[in-house]
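Secondary and tertiary structure notes
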Amino acid sequence: MPTELKAVLAQGGDTTLMVWADVDDDPPTPVALRTLFHAQAKAEGMSEEQFDQVVFIFARDRLENWIEFLNTGVTDEDREGPRVNNREAADAAKRLAARCRQEQPGPPLPRSLQWSCLNWKALAKRMSAE
């Protein structure tokens, strides 16, 4: 990741590095996975300011759980959600953007989706301040 971030920063402007990953049992939480990324980045000389520019989007186990939630309003992040096709994923992404912007009501978001929406909102706030 430090190499990719350096390349992104060299581009300048509104370029942002986003890291998408699934969180499973090793490590068990989004915060723990971010901590692993942080340790590696620090070891490779990345500053705190640079690291804080990265947006992390971490789903619990599989992104399909998020899509299941966005399609049905329910999911169980302790089991793997059903596989989906590209159209289903694209439609769910539109609903996700609306939910993260809080423009669309609905049932409470799963924990990993709440965490990721907070990261997205931080990016949106940073970009609107520039």
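What you see is a predicted model, and the numbers here were worked out from it, not measured in a lab.

Here we take up the side chain of serine 116. For serine 116, the location among the structural elements is in helix α6 (residues 111–129). When its relative accessible area of 4% is taken as the criterion, serine 116 is described as buried. Those residues in contact with serine 116, other than ones at most four positions away along the chain, are Phe56, Ile57, Phe58 and Trp66.

Here we come to the packing of aromatic side chains. Per the stated rule, a full pass over the model turns up five aromatic pairs. An angle of 20° between the planes, with centres 6.1 Å apart, marks the rings of phenylalanine 37 and phenylalanine 58 as stacked. Taken together, the residues span a long stretch of sequence, with phenylalanine 37 in helix α2 (residues 30–43) and phenylalanine 58 in strand β2 (residues 55–60) at a distance of 21 residues. Judged by its relative accessible area of 0%, phenylalanine 58 falls in the buried class. A centroid spacing of 5.5 Å and a plane angle of 40° characterise the contact between phenylalanine 51 and phenylalanine 56, whose relative ring orientation is tilted. The exposure class of phenylalanine 51 is buried, given its relative accessible area of 2%. For phenylalanine 56, a relative accessible area of 0% puts it in the buried group.

Once the charged atoms of two side chains with opposite charge are near each other, the side chains can pair. Summed over all chains, the structure comprises four salt bridges. Between arginine 83 and glutamate 64 there is a salt bridge whose closest N-O contact spans 3.4 Å. Highlighted residues: arginine 83 in the loop between α4 (63–72) and α5 (86–100) and glutamate 64 in helix α4, separated in sequence by 19 residues. For glutamate 64, a relative accessible area of 14% puts it in the buried group.

Right, let's talk about the pairing of β2 for a bit. Burial runs high along β2: five of the six residues are buried. Relative to β2, strand β1 (residues 18–23) runs parallel, the two sharing six bridges. Within the sheet, the bridge partner assigned to alanine 21 lies in β2 and is phenylalanine 58.

It is worth spelling out a nonpolar patch on the surface at this point. A grouping of Met18, Trp20 and Leu63 is seen on the molecular surface, where their side chains present a nonpolar patch of about 270 Å² in accessible area. The class for tryptophan 20 is partly exposed, based on a relative accessible area of 48%.

This paragraph deals with α2. One turn of an α-helix holds 3.6 residues; hence residues three or four places apart share an orientation. Under the 1.5 Å per step criterion, the end-to-end length of α2 is 20 Å for 14 residues, consistent within 8% with the ideal 20 Å. Among the residues of α2, those classed as buried are Pro30, Leu33 and Ala41. Down the axis, α2 shows its buried residues gathered within 80° of arc, on one side only. Turned more than 90 degrees off the buried face of α2, the exposed positions are Lys42 and Ala43. In the segment just after α2, glycine 45 is the residue with positive phi, at about 90°.

Cut-offs applied
- Residues numbered from 1 in each chain as written.
- Predicted model: local features only at pLDDT ≥ 70, side-chain atom pairs only at ≥ 80, totals over all residues.
- Heavy atoms only, no water.
- Helix = DSSP H or I, 4+ residues; strand = E, 2+ residues; numbered from the N terminus.
- Buried < 20%, exposed > 50% of the residue type's maximum accessible area, 1.4 Å probe, protein only.
- Contact = heavy atoms within 4.5 Å.
- Phe/Tyr/Trp six-rings, centres within 6.5 Å; stacked < 30°, edge-to-face > 60°.
- Salt bridge = Lys/Arg side-chain N within 4 Å of Asp/Glu carboxyl O.
- Pairing = 2+ DSSP bridges.
- Patch = residues over 30% accessible without salt bridge, like charges linked within 9 Å, V, L, I, M, F, W, Y side chains within 5 Å.
- Areas by Shrake-Rupley, 256 points an atom, 1.4 Å probe, with all protein chains shown as cover.
- Expected span 1.5 Å × (residues − 1).
- Arc of directions from axis to C-beta.

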